[in-house]
Amino acid sequence: MRIDSYLSNFFNFLFPVRCTICKNTGSYLCVVCRLKLPLAPPPAQKEIEAILDYHTKEIKKIIWKLKYKNISGISKVFGEILYEYMIPKISESVLFDRNKKFILIPIPLSKEKLHKRGFNQMDIIAKEIEKLDKNQFIEYSPSVLVKIRDTSPQMEIRNREDRLANVIGSFFVSDKNYISGKPVILIDDVTTTGATLMEARKELLSAGAQNVWAIAIAH
């Protein structure tokens, strides 16, 4: 066993991971509690889908840990939730085209924000989805969509119009030939007004994506 694996197992033995809701050991969000979580209300934009209700205090807590603590177990949980949500629609889409692949793109951070935080939580979740998919239906592409302008955190902006203006022109597609004519899955952790996902989606469509399925973990 590698030394880092040994240390990780020893640490988990001393400080076992517990479900945020029921406190049972094994996962930050166990399967039983996951199934009981309220679903998200539909976002205002029909082009965006969301899975869980962000107003649930446990979801707010676990997403905060994901964004600012880089806890790998949380990334794994949300990767599973997203993949389980995606797979029925993906399976139906590839039924008559086994060679069809969806390009998976996480919402990127600006260079400034990535340097400050040290990681992009959605990039880590996308890697978990890639592991679950095992190269069947999804092609993970982290560098196609680039955040070219640092923006104020959307959560700190109250006014909807200001949120929309905050993200305009902040994304760029680095390889238009790569995504041209291909279906894209765009993922983010939280959507409120939908401004970030809509702006990124617009840029991908303008670059030639066949369609863009935008999904947030919570709303």
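One structure accompanies this document, and this report is about it. (Residues numbered from 1 in each chain as written. Predicted model: local features only at pLDDT ≥ 70, side-chain atom pairs only at ≥ 80, totals over all residues. Heavy atoms only, no water.)

### Considering the overall build of the chain
Looking only at helices and strands, one finds 9 helices and 7 strands in the chain. Residue burial in the chain is summarised as follows: out of 219 residues, 48% are buried. Counting contacts in the chain only where the partners sit at least 6 residues apart, residues at least 24 apart contribute 70% of the total. As presented, the chain carries roughly 12,200 Å² of accessible surface, and 55% of it is formed by carbon and sulfur atoms. (Helix = DSSP H or I, 4+ residues; strand = E, 2+ residues; numbered from the N terminus. Buried < 20%, exposed > 50% of the residue type's maximum accessible area, 1.4 Å probe, protein only. Contact = heavy atoms within 4.5 Å. Areas by Shrake-Rupley, 256 points an atom, 1.4 Å probe, with all protein chains shown as cover.)

### Comments concerning unusual backbone geometry
It is generally the case that most residues other than glycine have a negative phi and that most peptide bonds are trans. Although it is not a glycine, Lys23 sits at a positive phi angle of roughly 70°. By the element assignment, Lys23 lies in the loop between α1 (3–14) and α2 (31–36).

### A short note on the sheet that holds strand β2 (residues 102–106)
With respect to topology, 5 strands assemble into an open sheet ordered β1-β7-β6-β2-β3, the strand pairing being parallel. Only two strands of the sheet have a single neighbouring strand rather than two, namely β1 (48–52) and β3 (138–140). Pairs of neighbouring strands in the sheet enclose a mean axial angle of 30°, with direction left out of account. One ladder, built from 4 bridges, connects β1 with strand β7 (residues 211–218); its direction is parallel. Pairing of Leu52 across the sheet is with Ala218, part of β7. The sheet contacts of helix α3 (residues 57–69) involve β1, β6 (183–190) and β7, and relative to β6 the element is tilted by about 105°. (Pairing = 2+ DSSP bridges. Axes fitted to C-alpha atoms, helices over the stretch in contact; angles between N-to-C directions.)

### Points about helix α4 (residues 72–93)
Taking 1.5 Å of rise per residue, 22 residues should cover 32 Å, and α4 covers 31 Å from first to last C-alpha, within 8% of that figure. Where α4 bends most, at Ile87, the angle is about 40°, and the proline Pro88 comes one to four residues later. Among the residues making up α4, those that are buried are Ile74, Ser75, Val77, Phe78, Gly79, Glu80, Ile81, Leu82, Tyr83, Met86 and Ile90. (Expected span 1.5 Å × (residues − 1). Bend = angle between axes of the 7 residues up to and from the residue.)

### A short note on the nonpolar core
Ranked by internal contacts, the top residues of the largest apolar core, which has 39 residues, are Phe78, Leu82, Met86, Leu104, Ile129, Ile185 and Ile187. Those elements that place two or more of their residues in this core are β1, α3, α4, β2, α6 (121–133), β3, β6 and β7. With 8 residues, α4 is the largest single contributor of residues to this core. For Phe78, the residues in contact, after removing those within four places along its chain, are Leu52, Ile62, Ile63, Leu66, Ile125 and Ile217. (Core = buried A, V, L, I, M, F, W, Y, C linked by side-chain atoms within 4.5 Å.)

Worth remembering: the numbers are spatial, not functional.
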